[in-house]
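Architecture at a glance
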Amino acid sequence: MVSAYLTAGGVFLLKALDGSGRWVWASNAANNEKYFCPSCHAELSTRKGTLKRSHFAHRKNECGGFSEGETPEHLQGKTTLAKFFEKAGYISEMESYLPKLKQRPDIVIQKDFQKSIIEFQCAPLATSKMKARSVGYRKANLKFLWILGQKYLLKKKMTQQVAKFLKWNRVRGYYLIYYLANRQRFRVIYNIQQTDYLPLRYKIIEFGNVIALKNFFNKKDIFEFCKISKNERITQFNAFKLDILRSKGEFRSLQIRCYLQRQELEKLKNLLFASRYSPPIYATKELYWKSDLIFMKKFNNFSDNILSQKMILEHKNYLFEVPLLDINRLIDLQVKGMNRFVDSQEI
């Protein structure tokens, strides 16, 4: 179990083992004690100063236990996060190597003999790699939490880069957790929801400690999607009409499909726009998958069972990849909800 980072000057450790095998932070190290690298077991030098963070360093720049450099945000952030969790009653270790998974998570925390993983993600990370790490933790029966850095701050639109970290809570809905290292604050973006032609909708709150963050998710409230206001509906319909006039790209293909079915796309608008916002999981406009369902249901005479099977299979084509969500359940709810809505209307 190692707490370290790699620089051009060699491997620097924030925690090391003393002569009795106990972990010691560099900031708490005594000048007359000896400290050792937990990876290569070499004796370390203790370095303290006003310009650089206190750390241990190898006397020779050789240690095979580390391979990745870090940004200042990541180093400062995970160090402070580890201390935050310790203040909340956890035991924390940074860069602990998990041999069965062949992974080195940023922080391993432990409380009541239960280990959990904290990943503080600041740099770009491919969805495939993020998914592989998450699957590994699940298989090892380890709870894990992805905390995001500044690079992943949510803006007006959802992107795949951010969507892969989406999580769900019955109280706060869809959410993301950030740690702002420069301010030493947690930020939670929650109640995240979307609908066609309107900006992403969400709320923001910040906390200065782990206990307050945990309590925020343990309220008795129940999340609900927001209703579309009259003004928002007008905005949607105006944008929809503008797309009809422009007739470009995927939207033009939808228009041609309607023409072949002898339908006017504008007359379907009351079916294509829901009364409430939707989960923030769609990489394309929802009206595309909804129009697919309408055509299958009304013009191809599919039974409800076959319709559901087809829509569930095709639905993922419209979504972001969201490995932390129960996507099959989400698709089932969305398709069944739209199916019932179409049944209640006349085309």
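Scroll up to find the structure this text is about.
One structure accompanies this document, and this report is about it. (Residues numbered from 1 in each chain as written. Predicted model: local features only at pLDDT ≥ 70, side-chain atom pairs only at ≥ 80, totals over all residues. Heavy atoms only, no water.)

Describing the packing of helix H8 (residues 286-299) against helix H9 (residues 304-315)
- Where H8 meets H9, the closest approach of the two axes is 10 Å, and the angle between their N-to-C directions is 155°. Between H8 and H9, the angle is such that the two are roughly antiparallel. Note on packing geometry: the crossing formed by H8 with H9 is right-handed. Side by side, H8 and H9 meet where Trp289, Asp292, Leu293, Met296 and Lys297 of the first sit next to Asp304, Leu307, Lys310, Met311, Glu314 and His315 of the second.
- Each residue belonging to the contact of H8 with H9 can be placed in one class, and the counts come to five nonpolar, one polar and five charged. (Axes fitted to C-alpha atoms, helices over the stretch in contact; angles between N-to-C directions. Helix = DSSP H or I, 4+ residues; strand = E, 2+ residues; numbered from the N terminus. Parallel < 35°, antiparallel > 145°, perpendicular 65-115°, else oblique. Left-handed = near helix turned anticlockwise from the far one by under 90°. Contact = heavy atoms within 4.5 Å. Nonpolar A, V, L, I, M, F, W, Y, C, P; charged D, E, K, R; others polar.)

Structural notes on the pattern of salt bridges
- One pass over the structure, following the stated rule, counts 10 salt bridges.
- Taking the shortest distance from any N to any O, the salt bridge between Glu206 and Arg187 comes out at 2.8 Å. Of this pair, Glu206 sits in strand S14 (residues 201-207) while Arg187 is found in strand S13 (residues 185-193), placing the two residues 19 residues apart along the sequence. This pair shows no difference in class: Glu206 is buried, exactly as Arg187 is.
- Across the pair Lys336 and Asp332 runs a salt bridge, and its minimum N-O distance is 3.2 Å. Within this pair, Lys336 and its partner Asp332 are both found in helix H10 (residues 327-343), separated by four residues, close to a single helical turn.
- The class for Asp332 is partly exposed, based on a relative accessible area of 25%. (Salt bridge = Lys/Arg side-chain N within 4 Å of Asp/Glu carboxyl O. Buried < 20%, exposed > 50% of the residue type's maximum accessible area, 1.4 Å probe, protein only.)

Re the packing of aromatic side chains
- Counting across every chain of the model gives 22 aromatic pairs.
- Centroid distance Tyr35 to Phe56: 5.1 Å. Interplanar angle 45°. Geometry classified as tilted. Within this pair, whereas Tyr35 is found in strand S4 (residues 35-36), its partner Phe56 is found in strand S6 (residues 55-58), the two being separated by 21 residues in sequence.
- Measuring from centroid to centroid gives 5.3 Å for Phe216 and Phe217, while their planes differ by 80°, and the two rings are edge-to-face. (Phe/Tyr/Trp six-rings, centres within 6.5 Å; stacked < 30°, edge-to-face > 60°.)

Points about the nonpolar core
- The biggest cluster of nonpolar side chains holds 58 residues, and the ones touching the most others in it are Leu154, Met158, Leu166, Leu176, Tyr178 and Ile192.
- Ranked by the residues each element gives to this core, the list is headed by H8, at seven residues.
- Discounting residues that sit within four places of it in the chain, Leu166 has contacts with Met158, Tyr174, Tyr175, Leu176, Ile192, Pro280, Val322, Leu324 and Leu325.
- One finds Phe85, Ile118, Phe207 and Leu213 within the second-largest nonpolar core, a separate group that totals 29 residues. (Core = buried A, V, L, I, M, F, W, Y, C linked by side-chain atoms within 4.5 Å.)

Considerations on the pairing of S6
- Going residue by residue along S6, you find His55 and Ala57 tucked away on one face and Phe56 and His58 tucked away on the opposite face as well.
- In this structure, strand S5 (residues 43-47) lies alongside S6, joined through four bridges in antiparallel fashion. Bridged to Arg47 within S6 is His55. (Pairing = 2+ DSSP bridges.)

So, the environment of Phe216
- Mapped onto the secondary structure, Phe216 falls in helix H4 (residues 210-216).
- Judged by relative accessible area, which is 5%, Phe216 ranks as buried.

Points about the packing of H9 against H10
- The interhelical angle for the contact between H9 and H10, taken along N-to-C directions, is 135°, at an axis separation of 10 Å. On the basis of the axis angle, H9 is oblique to H10. Between H9 and H10 lies a crossing whose hand is right-handed. Facing H9, whose interface residues are Asp304, Leu307, Ser308, Met311, Ile312 and His315, H10 presents Ile331, Asp332, Gln334, Val335 and Asn339.

Regarding unusual backbone geometry
- You will see that Lys102, though not glycine, has its phi angle at about 55°, which is positive.
- Turning to its location among the elements, Lys102 is positioned in the loop between strand S7 (91-94) and strand S8 (107-111).
- A positive phi angle is found at Gln184, which is not glycine, with a value near 55°.
- You can see Gln184 is positioned in the loop between strand S12 (173-180) and S13.
- You can call Gln184 partly exposed: its relative accessible area is 39%.

Quick look at helix H5 (residues 230-246)
- Look at H5: 24 Å from first C-alpha to last across 17 residues, which is about the 24 Å you get at 1.5 Å a residue.
- Of the positions making up H5, those classed as buried are Glu232, Arg233, Gln236, Phe237, Phe240, Asp243 and Ile244. Taken around the axis of H5, the buried residues stretch over an arc of 135°, which confines them to a single face. What points out from H5, more than 90 degrees from its buried face, is the exposed set Asn231 and Leu245.
- Buried residues belonging to H5 abut S14, helix H6 (249-260), helix H7 (269-272) and H8. (Expected span 1.5 Å × (residues − 1). Arc of directions from axis to C-beta.)

Topic: the pairing of strand S10 (residues 143-148)
- In terms of burial, S10 is largely enclosed, as five of its six residues are buried.
- In this structure, strand S9 (residues 114-121) lies alongside S10, joined through six bridges in parallel fashion. Looking across to S10, one finds that Gln121 is bridged to Leu148.
- This β-α-β element, S9 to helix H2 (residues 127-139) to S10, shows right-handed connectivity. (Right-handed = clockwise from strand over helix to strand, strands pointing away.)

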